[in-house]
Amino acid sequence: MTVQRDSARPTTKTARHARITDLLTAQPVRSQVELATLLAADGVQVNQGTLSRDLVELGVVRVRGADGALVYAVPVEGGGRHVQSAVSQELLDARLAKLCTELLVTAESSGNIVILRTPPGAANFLALAIDHSVMPTILGTIAGDDTVMLVSRDPDGGAAVAERFLGLAQEPQGPAEQT
C-alpha cells in the first residue's frame, strides 16, 4: 500500500512510477533499500516486493556508474536501448539548448503562462526534454502538435521563462562548426 503525505501528488501506481524515475535520473541509486529510503523521505511507503515489481515494469536495469559501482538506470524516452541515470544538470541544459536551437519557432508569455511554438509534430518532443531538464521555475508542460504551454511557478514569471527559452534558441556566435 502506498501512503503519501504530499497532497500535490496522488497515491497511484503511476505517480509512484514517475517518482521512481525522477529519483533514478536525478542521483545514483545503488540498491532497493536506498531507493525505498528515498521514496519514504517523499512520503511514499512501499514494500520490497512492490518496489521490485515497479522496477521490472519500468524496465530499470543496473549499469556501471562513473565510479564503477552498479547503479539503477531507466530507459530513455522513445523506447531506445540506451539508459540514463543521474544525468548532470549541465548535460540536460545542453541538450535542451540544442533542441531549442533546432525546434523553437517563437516564445511568448502572459502572466505565468508561456507558449512555445515548434514545427508540426515537434511539440511533444520539446515538452519531454523540458520536463526532463528539471527547471525549478516551471511547474509543468502541456504539448499539442506544434505548441507547448508552460506554467511558471512565479505568478509573473512567464516573461523571464520565455526570455530564457529564446536565449537557449540563439545560434552560437563565432566560427562555423565543422562536421
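This report concerns the structure included in the present document. Every value quoted in this text rests on a predicted model; they were computed, and no experiment measured them.

Before going further, it helps to examine the overall build of the protein chain. Within the protein chain one finds six helices and seven strands. Along the chain direction, N to C, the helices and strands of the protein chain fall in the order α-α-α-β-β-β-α-β-β-α-β-β-α. The buried share of the protein chain, taken over its 179 residues, is 32%. Of the contacts made within the protein chain by residues no fewer than 6 positions apart, 52% connect residues no fewer than 24 positions apart.

Moving on, we come to the sheet that holds strand β4 (residues 106-110). Read across the open sheet, the four strands follow the order β4-β5-β7-β6; overall the sheet is antiparallel. The sheet is open, and its two edges are formed by β4 and β6 (138-143), each paired on a single side. Averaged over all pairs of adjacent strands, the angle between their axes in this sheet comes to 20°, without regard to strand direction. Bridge count between β4 and strand β5 (residues 113-117): five bridges; the pairing is antiparallel. Counterpart to Ala 107 in the pairing with β5 is Leu 116.

In terms of nonpolar packing, the biggest core is built from 24 residues, with Leu 96, Leu 116, Leu 126, Ile 130, Leu 150 and Phe 165 touching the most fellow members. Elements represented by at least two residues in this core include exactly α4 (89-103), β5, α5 (123-132), β7 (147-152) and α6 (158-168). Ignoring anything within four residues of it in the chain, the contact list for Leu 150 reads Asn 112, Ile 113, Val 114, Leu 116, Ile 130, Ile 138, Gly 140, Thr 141, Val 161 and Phe 165. Listed in part, the 13 residues of the second largest apolar core include Val 29, Leu 35, Val 44 and Val 46.

Along α6, the positions that sit buried rather than exposed are Gly 158, Val 161, Ala 162, Phe 165 and Leu 168. Projected onto a plane normal to the axis of α6, the buried residues spread over an arc of 120° and lie on a single side. Turned more than 90 degrees from where α6 packs its buried face, Ala 160 and Glu 163 sit exposed.

The next subject is the packing of helix α1 (residues 13-26) against helix α3 (residues 48-58). Contact geometry for α1 and α3: axes closest at 11 Å, N-to-C directions at 75°. By the angle between their directions, the pair α1 and α3 is classed as roughly perpendicular. Residues Lys 13, Arg 16, His 17, Ile 20, Thr 21 and Leu 24 of α1 form the contact with α3, whose participating residues are Thr 50, Leu 51, Asp 54, Leu 55, Glu 57 and Leu 58. Within the contact of α1 with α3, the residues separate by chemical class into five nonpolar, three polar and four charged.

Inspection of every chain in the model, using the stated rule, returns zero aromatic pairs. Against the face of Tyr 72 rests Arg 62, its NZ or CZ located 5.0 Å from the ring centre.

So, about the environment of Leu 104. Within the secondary structure, Leu 104 is located in the loop between α4 and β4. Taking relative accessible area as the criterion, Leu 104 reaches 12% and is therefore assigned buried. Linking Leu 104 and Ala 169, residues 65 residues apart in sequence, is a C-alpha distance of 6.5 Å. For Leu 104, the contacting residues outside a window of four places in its chain are Leu 99, Leu 116, Arg 117, Leu 126, Phe 165, Leu 166 and Ala 169.

In an α-helix, one full turn covers 3.6 residues, which means residues spaced three or four apart are oriented alike. Within the span of α5, buried status applies to Ala 123, Leu 126, Ala 127, Ala 129 and Ile 130. For α5, the buried positions fall inside an angular range of 160° around the axis, keeping them on one side.

Rules used in this analysis
Residues numbered from 1 in each chain as written. Predicted model: local features only at pLDDT ≥ 70, side-chain atom pairs only at ≥ 80, totals over all residues. Heavy atoms only, no water. Helix = DSSP H or I, 4+ residues; strand = E, 2+ residues; numbered from the N terminus. Buried < 20%, exposed > 50% of the residue type's maximum accessible area, 1.4 Å probe, protein only. Contact = heavy atoms within 4.5 Å. Pairing = 2+ DSSP bridges. Axes fitted to C-alpha atoms, helices over the stretch in contact; angles between N-to-C directions. Core = buried A, V, L, I, M, F, W, Y, C linked by side-chain atoms within 4.5 Å. Arc of directions from axis to C-beta. Parallel < 35°, antiparallel > 145°, perpendicular 65-115°, else oblique. Nonpolar A, V, L, I, M, F, W, Y, C, P; charged D, E, K, R; others polar. Phe/Tyr/Trp six-rings, centres within 6.5 Å; stacked < 30°, edge-to-face > 60°. Lys NZ or Arg CZ within 6 Å of the ring centre and 35° of its normal.

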